Amino acid sequence: MDRIVEIDAPNLCVVTQPGVINARLKAAVAEHGLFYAPDPASFEMCSIGGNLGTNAGGLCCVKYGQTRDSVLSLEVVMADGSVIRTGGKNVKDVAGYSLTHLMVGSQGTLGLITEATLRLRPTPPIRGTLLAFFPTLESAGEAVAGIAAAGLSPVTLELMDRLTIRDVDDVHALGLDRDAAAMLMIESDLPGAAADDELARAETVCVEVGATSTVRSQTPAEADLLRQARRAAHFALERIGEVKMEDVGVPRSRVPDMLRAVEAIAAKHDVRIGTFGHAGDGNLHPDLVLERGAPRAEAVTKAVQADLYRAALDLGGTVTGEHGIGSARREWLEEQRGPDAVRVMWAIKTALDPQGLLNPGRVLP
């Protein structure tokens, strides 16, 4: 099911089947001067169906939201074989319960998505890119909180720590500051002088909280190279060991606290953790890097995960910002949502899939 059914430029939407790769959809609508915003780091290989199933995030969430925010309607096959449509091409439609929002992010446990109508936008201007380097993770986190407090909404606000910076630079030879404790990549897709103003204001915030250096991309090609390097952060870390990616989120103002917690957890367990992620919306990916074949790797991983999840929850955050509960985090769902919320989720699951046919053993504890 990998066909783009219709690109409807007048209504700013596209109808697609779930097997279409995100990057292919972006390229197809770009030929019509249109832009599909959801932008997972794995956009060159991930499918629209997978993005819908997990309510995928990505590099542009800070401005454009998660996948759910770009979905107008779904065609869904239910567990009993019936087929429903949850909406249409209308921008505003509040008839009945929001079944679209129920299905997006349900990880295949409530129905099978066979078609989606997705919201498009006019293609924005070419992005300007700013890199800011910091002497501590905490100062980078303070910059993230400061940019949000200043009322700025850059299209991208990404973070990499020292371990990730060095590994990415080893792979791509970008000339990054390898001694910096952290780097922020800040992008604006506002038109003309407005982009320069947004980046200048963000730069001011970074300098005020202690950035040691800042640099702006000089060409679109240079900006694209920096963006691709950030996308490859996880794969760069895999060069130095066995990597276990995590996915936690906290309110943006608590990013400095979460970064401090990650450092403390790494020290407590005497392990390497490379942290990167979508700092602009508080979504961080602490990657546990272990020696290949290390003894007790599974036990260490579980202990680190438990501490990361507990730290995120204590800061008012979540055990998953964009990857989903799946099976690995099921035991934490009730811890975060509470028993009554899980009871409601089970009631929905039982009503829609009484025989437990759809993706059994996932999401609900």
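So, a few notes on the structure that sits alongside this text. Computed from a predicted model, the values in this text were never measured in an experiment. Each chain carries its own residue numbering, running from 1 in the direction its sequence is written. This being a predicted model, a pLDDT of at least 70 is required before a residue's local features are given, and a value of 80 or more before pairs of side-chain atoms are given or counted; all residues contribute to the totals for chains, interfaces and linings. Note that the side-chain values use all heavy atoms of the structure and ignore hydrogens as well as water.

A few points about helix H10 (residues 255-269)
Move 1: Between its first and last C-alpha, H10 extends 21 Å over 15 residues, near the 21 Å set by a 1.5 Å rise per residue.
Move 2: Every buried residue of H10 is accounted for by Val-255, Pro-256, Met-258, Leu-259, Ala-261, Val-262, Ile-265 and Ala-266.
Move 3: Each helix corresponds to a stretch of at least 4 residues labelled H or I by DSSP, and each strand to a stretch of at least 2 residues labelled E; elements are numbered beginning at the N terminus. Asp-270, located one to two residues past H10, shows a positive phi value of around 55°. Between the first and last residue of a helix there are one fewer steps than residues, each counted as 1.5 Å, and that sum is the expected span. Each residue is placed in one exposure class: buried if its accessible area under a 1.4 Å probe, protein chains only, is under 20% of its type's maximum, exposed if it is over 50%, and partly exposed if it falls in between.

A closer look at the packing of helix H12 (residues 330-337) against helix H13 (residues 339-352)
Axes are the key here: two packed helices are described by the angle between their axes and the distance separating the axes.
Move 1: Think of each axis as a best-fit line through the C-alpha atoms, taken over the contacting stretch in the case of a helix, with angles from 0 to 180 degrees between the N-to-C directions. Look at H12 against H13: their axes get within 6 Å of each other, and the N-to-C directions meet at 120°. With respect to their mutual orientation, H12 and H13 come out oblique. Residues Leu-333, Glu-334 and Arg-337 of H12 form the contact with H13, whose participating residues are Pro-339, Ala-341, Val-342 and Met-345.
Move 2: Across the contact of H12 with H13, the residue classes break down as 5 nonpolar, no polar and 2 charged. Angle categories are assigned with fixed cut-offs, so that under 35 degrees is roughly parallel, over 145 is roughly antiparallel, 65 to 115 is roughly perpendicular, and the rest are oblique. Residue contacts are counted whenever heavy atoms from the two residues lie within 4.5 Å of one another. Note that Gly is not counted as nonpolar here; it falls among the polar residues with everything else outside the nonpolar set of Ala, Val, Leu, Ile, Met, Phe, Trp, Tyr, Cys and Pro and the charged set of Asp, Glu, Lys and Arg.

Thoughts on the side chain of Asn-22
Move 1: As for its placement among the helices and strands, Asn-22 is situated in helix H1 (residues 22-30).
Move 2: Overall, the relative accessible area of 0% leaves Asn-22 in the buried class.
Move 3: With residues near it in sequence (within four places) discarded, Asn-22 still touches Tyr-36, Pro-38, Pro-40, Phe-43, Cys-46, Ser-47, Ile-48 and Asn-51.

Considerations on the pairing of strand S14 (residues 272-278)
Move 1: Counting buried positions over the 7 residues of S14 gives 6, a clear majority of the element.
Move 2: One requirement defines pairing of two strands: DSSP has to find at least two bridges between them. Here 2 bridges tie strand S9 (residues 156-161) to S14, and the two strands are oriented antiparallel to one another. By the bridge assignment, Leu-159 is partnered in S14 with Gly-277.
Move 3: Sheet topology places S14 next to strand S15 (residues 283-290); 7 bridges connect them, and they run antiparallel. If you follow His-278 over to S15, its bridge partner there is Asn-283.
Move 4: What sits between S14 and S15 in their antiparallel hairpin is a turn of 4 residues, with Gly-282 showing a positive phi close to 80°.

A closer look at empty space enclosed by the protein
Move 1: Buried and open spaces are told apart on a 1 Å grid over the protein atoms alone, a cavity being a set of points where a 1.4 Å probe fits but cannot get out and a pocket being an open set with protein on both sides within 12 Å along at least five of seven lines. Residues with an atom within 4 Å of a point are the lining residues. Grid points are joined across faces, edges and corners, and a volume is the space filled by probe spheres set on the points. Summed over all chains, the structure comprises 1 cavity of 30 Å³ or more.
Move 2: By volume, the largest cavity is sized at about 40 Å³.
Move 3: Lining the largest cavity are Leu-131, Met-160, Leu-174, Leu-176, Met-183, Met-185, Leu-226, Ala-229 and Arg-230.
Move 4: Listing elements by their share of the lining of the largest cavity, those giving two or more residues are strand S10 (182-188) and helix H8 (220-231).
Move 5: Ranked by the residues each element gives to the lining of the largest cavity, the list is headed by H8, at 3 residues.
Move 6: Class assignment of the residues belonging to the lining of the largest cavity gives a composition of 8 nonpolar, no polar and 1 charged.

Examining the pattern of salt bridges
Pairing between side chains becomes possible if they bear opposite charge and their charged atoms approach one another.
Move 1: The working definition used for a salt bridge is a side-chain nitrogen of Lys or Arg within 4 Å of a carboxyl oxygen of Asp or Glu. Tallied over the entire structure, the rule returns 23 salt bridges.
Move 2: The salt bridge involving Arg-85 is made with Glu-75; its shortest N-O contact spans 3.1 Å. Pair noted here: Arg-85 is in strand S5 (residues 83-85) and Glu-75 is in strand S4 (residues 71-77), with a separation of 10 residues, a long-range link.
Move 3: One salt bridge connects Glu-203 with Arg-216, and the closest N-O pair in it is separated by 3.6 Å. Taken as a pair, Glu-203 in helix H7 (residues 193-208) and Arg-216 in strand S11 (residues 213-216) lie far apart in primary sequence, 13 residues in all.

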